[in-house]
Amino acid sequence: MSWNTFATVAETVKELDDKKVSAVELATHYLDRADALQPVLNAYVTLDREKTLAEAKVADEKRAAGDAAPLLGVPIAHKDIYLIDGWRTTCGSKMLENFVAPYTSTVVKNMTAAGMVTLGKLNMDEFAMGSSNETSYFGPVKNPWDLSRVPGGSSGGSAASVAAGLTPASTGTDTGGSIRQPAMFCNLTGLKPTYGVCSRFGIIAFASSLDQAGPFAQTAEDCALLLSAMAGFDTNDATSLDRPKENYSRDLAKPLTGLRIGLPKEFFGEGVAPGIAKAVDEALAVYRKLGAITVEVSLPNVKYSVPAYYVVAPAEASSNLSRFDGVRYGHRAAEYTDLMDMYKRSRAEGFGAEVKRRILIGTYVLSHGYYDAYYLQAGKLRRLIAEDFKRAYEVCDVVMGPTAPETAFQFGSKSDDPVKMYLNDIFTICANLTGQPAMSHPCGVDENGQHVGMQIIGNYLDEARMLNVAHQFQLATDWHKRHPNI
Amino acid sequence: MSLSSQDIERIAHLARIRVTPADVLDVQAKLDGIFKLIDEMQAVNTQGIEPMSHGLDMVLRLRDDVVTEIDHREKYQKNAPQAAEGYFLVPKVIE
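Residues numbered from 1 in each chain as written. Chains lettered and ligands numbered in written order. Predicted model: local features only at pLDDT ≥ 70, side-chain atom pairs only at ≥ 80, totals over all residues.

A. Quick peek at the overall build of chain B. What chain B contains, in helices and strands, is 3 helices and 2 strands. Ordering the α and β elements of chain B from the N terminus gives α-α-α-β-β. Expected size for 95 residues packed as a compact globule is a radius of gyration near 12 Å; at 22 Å, chain B overshoots this value by more than 25%. Here the C-alpha coordinates of chain B stretch approximately 55 × 45 × 25 Å along the principal axes. (Helix = DSSP H or I, 4+ residues; strand = E, 2+ residues; numbered from the N terminus. Rg over C-alpha atoms; globule rule 2.2 N^0.38 Å.)

Below, the structure written as structure tokens:
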């Protein structure tokens, strides 16, 4: 069988429907490619051919029996933060190196119910804390476009695997930009939905008020198919939104005539690399040609996003990660003097440097006497940032700007300076603090040939419109059709 | 704000993470840099602003008080570093 490894999800569905390919053939193709490129890219943490082929066989049998699940037989790989019953789930950490998930996350359950076949578990920054994949205990993922550069993070394996044609689609999670920034670095489309649209049940928690699951794919059309499968109300997640299922593909074909694009002046300042500013301007010209109009908006409080985030995220992480105590699961130190020493040594050995830093920050800001100055103040800033957006949406339908201030950078160039690394998420973090949906789509390259992403931030629950906007752009351009030579 | 090495040791104890004396200075320097970034937000007057934790300001649901889970003990304890007879084993705490 010869298979175009860069076939989109939509194309794959069609080939399966036309009986040109089977789920087993697809799974075999992508597993072979994953094995061949694993030493080069390090995109996966765990592959399990037997399990994957068994799932694919079931999909083929269901198809033969007339099952009409929308994505039946389409392969997908999951970020190694999603629990899948019987699969090792490491979260990129030594702490969970040998942890086998005892149940399955709702998102993966939903995707399996839609017929998707699990290819494996994708590498990531440890506990999703990082913007470059350099914090993974299993070594960094390489950017398939340039092996000397980072793929972005924290969902680096999710981005690299789709970009390199190791899978037609993947899942990621986005707490501060962890889907959108790697999507930009690897020339993909990635979407973080409104907080509460996808269940967090069975996703290893980082910062519970910010974490959201979302898809990676080559196109907005694919992201719409994937989101329609993964989203849905779940009683197992206390913050899940109780609302009917949506078909996110419903508005893809709408023309953009009259669409009002808000351009916050705060996203177009001097911090943005010139090559990015140029690509974004050219993309905006395409949008105008498609009938959209652009209006300037102002988000005066958005500049406090990064400071507020580095209170909220570490605070919630320090609480969430307190469960790793070397008793019920996870790493336990080999030698210790007593129970307290066992806790301290197990956690010191099991967590990497960045995770420990964030736990320490979080512990400090939540400690006696500091709550009002930090966590409460950050919560109030979240409200001010959300109000800025609310005012902006009085005059525009979507907000746009660059996804990140610089393109994929070289390994090691920021790993010694956490603050420098954090500032790479300067444009993505605000949508996590407010809970709004946001996505990134390819929109050009800089002077080094590195990819530029356009971020679309939508109003709450406006995912279908955002996907429509990105899809219309992709019908008029071919940036998203470029693939690395690998 | 600047953290002292005593601060680092106190936080590390609260967080139950062993930080060796050799690591304290590096941790202290990196955390100082991060707090310099965080402290930018102290410039904003937020008096009277209601803090936000969920964009749609949803209210937490209640569910009926009924049993929904079955016993998973054996399966869950397979991941335990040390377990026996249904118990998680830890170093002796009571003499």
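What follows continues from the structure just given.
B. Representation of the overall build of chain A within the structure. A tally of helices and strands in chain A yields 15 helices and 11 strands. Along the first, second and third principal axes, the C-alpha set of chain A runs to 65 × 55 × 45 Å. Counting across all 486 residues of chain A, residues that qualify as buried make up 62%. Of the contacts formed within chain A by residues at least 6 apart in sequence, a portion of 76% connects residues at least 24 apart. (Buried ≥ 20, exposed ≤ 12 C-beta atoms within 10 Å, placed from the backbone. Contact = placed C-beta atoms within 7 Å.)

C. Structural context of helix α4 (residues 106-113) of chain A. All names here are of chain A. Counting buried residues along α4, 7 of its 8 residues qualify, which places the element largely inside the surrounding structure. Residues Thr106, Val107, Val108, Lys109, Asn110, Met111 and Thr112 constitute the buried set of α4. Residues of α4 that are buried in the fold lie against β2 (75-79), β4 (170-174), β6 (212-217) and α7 (220-230). Looking one or two residues past α4, glycine 115 carries a phi angle of roughly 105°, positive in sign.

D. Expanded view of the environment of B:Asp23. Considering the arrangement of structural elements, one finds B:Asp23 in helix α2 (residues 21-38). Through-space distance from the C-alpha of B:Asp23 to that of B:Thr68 is 46 Å; in sequence the pair is 45 residues apart.

E. Summary view of the nonpolar core. Residue and element names in this part refer to chain A. Val311, Val312 and Ile456 are the most contacted members of the largest nonpolar core, which has 163 residues in total. Per element, the largest residue contribution to this core is 9 residues, and it comes from helix α9 (residues 305-320). Every residue in contact with isoleucine 456, bar those within four places of it in the chain, is listed here: Val398, Met400, Ala438, Met439, Met466, Val469 and Ala470. (Core = buried A, V, L, I, M, F, W, Y, C linked by C-beta atoms within 7 Å.)

F. Spatial organisation of the packing of helix α11 (residues 353-366) of chain A against α2(B). Where α11(A) contacts α2(B), the two axes come as close as 11 Å, and the packing angle between them is 60°. When the interaxial angle is binned, α11(A) and α2(B) end up oblique. For the pair α11(A) and α2(B), the sense of crossing is right-handed. Of α2(B), the residues touching α11(A) (which contributes A:Arg357, A:Leu360 and A:Ile361) are B:Val27, B:Lys30, B:Leu31 and B:Ile34. Tallied by class, the residues present in the contact of α11(A) with α2(B) amount to 5 nonpolar, no polar and 2 charged. (Axes fitted to C-alpha atoms, helices over the stretch in contact; angles between N-to-C directions. Parallel < 35°, antiparallel > 145°, perpendicular 65-115°, else oblique. Left-handed = near helix turned anticlockwise from the far one by under 90°. Nonpolar A, V, L, I, M, F, W, Y, C, P; charged D, E, K, R; others polar.)

G. Local environment of the interface of chain B and chain A. On the side of chain A, 56 residues touch chain B, which itself brings 42 residues to the contact. When residues of the side of chain B that touches chain A are traced back to their parent elements, those giving at least two are α1 (5-14), α2 and α3 (73-77) of chain B. Per-element accounting of the side of chain B that touches chain A gives the leading share, 7 residues, to α2(B). Its residues assigned to classes, the side of chain B that touches chain A comprises 25 nonpolar, 8 polar and 9 charged.

H. Expanded view of the packing of α7(A) against helix α15 (residues 463-476) of chain A. All names here are of chain A. Where α7 meets α15, the closest approach of the two axes is 8 Å, and the angle between their N-to-C directions is 155°. Judged on the interaxial angle alone, α15 and α7 are roughly antiparallel. Residues Ala220, Glu221, Cys223, Ala224 and Leu227 of α7 form the contact with α15, whose own contacting residues are Glu463, Leu467, Ala470, His471 and Gln474. Classifying every residue of the contact of α7 with α15 gives 6 nonpolar, 2 polar and 2 charged.

I. Quick look at helix α1 (residues 9-17) of chain A. All names here are of chain A. Buried residues of α1: Val9, Thr12, Val13 and Leu16, and no others. When α1 is viewed along its axis, its buried side chains cluster within an angular range of 100° and face the same direction. Looking at the buried positions of α1, the neighbouring elements they touch are α2 (23-41), β6 and α7. Positive backbone phi, approximately 60°, marks lysine 19, located one or two places after α1. (Arc of directions from axis to C-beta.)

J. Representation of the pairing of strand β8 (residues 293-297) of chain A within the structure. All names here are of chain A. Pairing analysis gives 5 bridges linking strand β7 (residues 260-264) to β8, with the strands arranged parallel. Residue pairing across strands places glycine 262 opposite valine 295, the latter belonging to β8. The parallel pair β7 and β8 is bridged by helix α8 (residues 274-289), and the resulting crossover is right-handed. (Pairing = 2+ DSSP bridges. Right-handed = clockwise from strand over helix to strand, strands pointing away.)

K. Spotlight on unusual backbone geometry. Residue and element names in this part refer to chain A. In this model, glycine 153 is joined to serine 154 through a cis peptide bond whose omega is 10°. For serine 154, the location among the structural elements is in the loop between β3 (117-122) and α5 (156-163). Phi at asparagine 42 takes a positive value of approximately 60°, unusual for a residue other than glycine. Tracing the backbone through its elements, the reader meets asparagine 42 in the loop between α2 and β1 (44-47). A positive phi angle, near 65°, is found at leucine 461, a position not held by glycine. If you trace the backbone, leucine 461 turns up in the loop between β11 (451-458) and α15.

L. Fine view of the confidence of the model for chain B. Of all residues in chain B, 99% have pLDDT values of 70 or greater, and the mean over the chain is 92. Taken over the whole predicted complex, pTM reads 0.97, whereas the ipTM for its chain interfaces reads 0.96. (pLDDT = per-residue confidence, 0-100.)

M. Expanded view of the environment of A:Asp341. Position of A:Asp341 among the secondary structure elements: in helix α10 (residues 339-350). Look at A:Asp341 and you get partly exposed, because 15 C-beta atoms sit within 10 Å.

N. Region of the structure containing the environment of A:Ser2. Residues and elements named next belong to chain A. Mapped onto the elements of the fold, serine 2 is located in the segment before α1. On the basis of neighbour count, serine 2 is assigned to the exposed category, with 5 C-beta atoms found within 10 Å. The sequence separation of serine 2 and glutamate 25 amounts to 23 residues, and the corresponding C-alpha distance is 9.8 Å.

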